[in-house]
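Here's the letter readout for the chains.
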There are 2 protein chains.
Amino acid sequence: MSTEIPKRRGRPPSGQREAILRSTLELLRDRGIAKLTTREIARHAGVSEASVYYHFSDRAGLLQAVFEEGLQPLSLLAQPPNPDSDRAEVLARAAQTLSQFFDEVLPVLIAAQSDPELQAALTAYISERDLGPHRGVAAIGGYLRAQQAAGEIDPSVDVDAAALMLIGACFIRVVERQLMGQAGRLPELERVVITLDGLLGAGARGSPESR
Amino acid sequence: MSTEIPKRRGRPPSGQREAILRSTLELLRDRGIAKLTTREIARHAGVSEASVYYHFSDRAGLLQAVFEEGLQPLSLLAQPPNPDSDRAEVLARAAQTLSQFFDEVLPVLIAAQSDPELQAALTAYISERDLGPHRGVAAIGGYLRAQQAAGEIDPSVDVDAAALMLIGACFIRVVERQLMGQAGRLPELERVVITLDGLLGAGARGSPESR
DNA sequence: GTCTATAGGTTGATAGAC
DNA sequence: GTCTATCAACCTATAGAC
């Protein structure tokens, strides 16, 4: 019945739980989910297998926790870009951020597809938080809309569609590298950004040529 | 030592092998690879488990065969679009074809990521045949280049980058639907096509406004 | 070619000592 | 809280009859 608040009760940390989470995510990223056994996880984390079952209800519980951890970067997509610079630069920054983000999240997203239960848990998590590519579209599209309002982009342009194209280009480049084991066969991100910026700009400040 | 040619030697078809392949691909697409056991496959295909091992060397051999079957649509990406129509229409057709293609291939691509061996086999297969998104870029980019040569697109535009954006937009829409279990939160493909067509056209035939 | 039956090997999960 | 030891269930793959 006391009212002390600041002292943390009970358990000192010990860090094993986080070690398990980290190890699982790490193994997941570079070996896939097929042979991801609790044994391997325990060994890699330097704990016993029973510890895994102490910290998590079961294998599915562990994986779900890992997913939530691995998907955390998703919330970063919410924040709109800083409009205080050159448009091409803003787009380049956004593209780079998106790519890095996809790079981190993709393995988790893929692993979840292996099992219907995980798939369901994933979609529930995403749906609860209203996550997804549309957040990126909203952020970049919002920035472009501001540009449009400022007369920098032709009013007839569908800025959300343009944003989707940029995001898609970033995404498929990550997929090519991670899933298909190749790189350098697609146009550089910089080219994409410059191209999009040029196409957008042509409507309001470009110098088109006649036939 | 005879020389008869036209009669097909030996085995009558029997179709079990194909039934197994089909069942595996089907189970893979809608349940993931985690609990994809030879038992389930055999049961679903209406054959015994031993038959699976008669037709395929082992589980990995079966999966590899399924992958090659499932990835066959990849070769369709080689054929360039037919230039005998309106540009927007050509792009729309390409976008639709790409989307359908991604829809079929994505589950296989993802399943292969679960296991390093499968991953290696997949990249070998892809690399041998020089497959990948760059083929799509080459096809659509080639078409746009022709448009460019005909004066329909400003010469300064990087058509390959533009092609990548279109392809990426198609891809990420498929990913949203299949992997994240949502739909309708991203701009429609048609909007993307119209937007891209508009942006491309503005360079040579549009009527831009001044500031 | 296809089946049934089973060997051999992994894996997830628990019990109980410390 | 963490460990070792262990079990029951499951899976791949093979042997051998038909």
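Quick note: structure is the one above.
What you see is a predicted model; the values in this text were computed from it and never measured. (Residues numbered from 1 in each chain as written. Chains lettered and ligands numbered in written order. Predicted model: local features only at pLDDT ≥ 70, side-chain atom pairs only at ≥ 80, totals over all residues. Heavy atoms only, no water.)

## Description of the protein's contact with DNA strand D
In step 1: The local shell around DNA strand D holds 17 residues, among which A:S48, A:H55, B:T38, B:Y53 and B:R59 are the closest.
In step 2: Per-element accounting of the surface near DNA strand D gives the leading share, 4 residues, to helix 3 (residues 49-55) of chain A.
In step 3: Looking at the surface near DNA strand D residue by residue, the class counts come to 5 nonpolar, 7 polar and 5 charged. (Near = heavy atom within 4 Å. Helix = DSSP H or I, 4+ residues; strand = E, 2+ residues; numbered from the N terminus. Nonpolar A, V, L, I, M, F, W, Y, C, P; charged D, E, K, R; others polar.)

## Here's the deal with the relation of the copies chain A and chain B
In step 1: Screw-axis analysis of chain A against chain B gives a translation of 0.0 Å along the axis, an RMSD of 0.1 Å, and a rotation angle of 180 degrees. Interpreted geometrically, this transformation is the action of a two-fold axis. By C-alpha distance to the rotation axis, the residue of chain A lying nearest is A:G168, at 1.9 Å.
In step 2: Comparing contact sets, 98% of the residues at the interface of chain A also lie at the interface in chain B, consistent with an isologous, same-surface contact. (Least-squares fit on C-alpha atoms with pLDDT ≥ 70 in both. Contact = heavy atoms within 4.5 Å.)

## Regarding the protein's contact with DNA strand C
In step 1: Residues in close proximity to DNA strand C total 17 residues, the closest being A:R39, A:Y53, A:R59, B:S48 and B:S51.
In step 2: What you see for DNA strand C is that sugar and phosphate hold 62% of its atoms within 4 Å of the protein.
In step 3: A:R59 places a main-chain nitrogen or oxygen 2.9 Å from a phosphate oxygen of DNA strand C.
In step 4: The side chain of B:Q16 places a nitrogen or oxygen atom 3.0 Å from a sugar or linking oxygen of DNA strand C.
In step 5: Elements supplying a minimum of two residues to the surface near DNA strand C: helix 2 (38-45) and helix 3 of chain A together with helix 3 (49-55) of chain B.
In step 6: Its residues placed into classes, the surface near DNA strand C shows 5 nonpolar, 7 polar and 5 charged. (Polar contact = N/O pair within 3.5 Å; in protein donor to acceptor, adjacent residues only side chain to side chain.)

## Examining the interface of chain A and chain B
Put simply, an interface is often sized by how much accessible area is lost when its parts join up.
In step 1: Between chain A and chain B, the contact holds 61 residues from the first and 61 residues from the second.
In step 2: Counting the surface lost from both chain A and chain B, the interface buries some 5,200 Å², and carbon and sulfur atoms represent 67% of this.
In step 3: For chain A, the biggest contributors to the area lost against chain B are A:M165, A:M180 and A:L199; these three give 13% of the whole.
In step 4: Across the contact surface, chain A and chain B share 7 salt bridges.
In step 5: Residues A:D115 and B:K35 are paired through a salt bridge, measuring 3.4 Å at the closest nitrogen-oxygen approach.
In step 6: When residues of the side of chain A that touches chain B are traced back to their parent elements, those giving at least two are helix 5 (87-111), helix 6 (116-128), helix 7 (133-149), helix 8 (159-179) and helix 9 (189-201) of chain A.
In step 7: Per-element accounting of the side of chain A that touches chain B gives the leading share, 15 residues, to helix 8 of chain A.
In step 8: A per-class count over the side of chain A that touches chain B returns 32 nonpolar, 13 polar and 16 charged. (Buried area = accessible area lost by both parts, 1.4 Å probe. Salt bridge = Lys/Arg side-chain N within 4 Å of Asp/Glu carboxyl O.)

## Brief notes about the environment of A:I153
Residues and elements named next belong to chain A.
In step 1: With respect to the element layout, I153 can be found in the loop between helix 7 and helix 8.
In step 2: Overall, the relative accessible area of 1% leaves I153 in the buried class.
In step 3: Sequence separation between I153 and S127 is 26 residues; the distance between their C-alpha atoms is 33 Å. (Buried < 20%, exposed > 50% of the residue type's maximum accessible area, 1.4 Å probe, protein only.)

## A closer look at the pattern of salt bridges
All names here are of chain A.
In step 1: Counted under the stated rule, the structure contains 23 salt bridges over all chains.
In step 2: Residue R87 is joined to D197 by a salt bridge in which the shortest nitrogen-to-oxygen separation is 2.7 Å. Residue R87 is found in helix 5, and its partner D197 is found in helix 9; the two are separated by 110 residues along the sequence. Here the two residues R87 and D197 agree in accessibility, since each one is buried.
In step 3: Each member of the salt-bridge network shares a partner with another, and the members are R31, E40 and R43.

## Concerning empty space enclosed by the protein
In step 1: Following the criterion strictly, the structure yields 3 cavities of 30 Å³ or more and no others.
In step 2: A volume near 150 Å³ is recorded for the largest cavity.
In step 3: Among the secondary structure elements, those contributing two or more residues to the lining of the largest cavity are helix 5, helix 7 and helix 8 of chain A together with helix 8 (159-180) of chain B.
In step 4: Here the element with the most residues in the lining of the largest cavity is helix 5 of chain A; it accounts for 6 residues.
In step 5: In terms of residue class, the lining of the largest cavity is made up of 14 nonpolar, 2 polar and no charged.
In step 6: Looking at the second largest cavity, its volume works out to about 120 Å³.
In step 7: Lining the second largest cavity are 13 residues, with A:M180, B:F101, B:F102, B:L109 and B:F171 positioned closest to its centre.
In step 8: Top element by residues in the lining of the second largest cavity is helix 5 (residues 87-111) of chain B. It accounts for 5 residues.
In step 9: Among the residues making up the lining of the second largest cavity, the classes are represented as 12 nonpolar, 1 polar and no charged. (1 Å grid on protein atoms, 1.4 Å probe; cavity = no way out; pocket = protein on both sides within 12 Å on 5 of 7 lines; lining within 4 Å. Points joined across faces, edges and corners; volume = space filled by probe spheres on them.)

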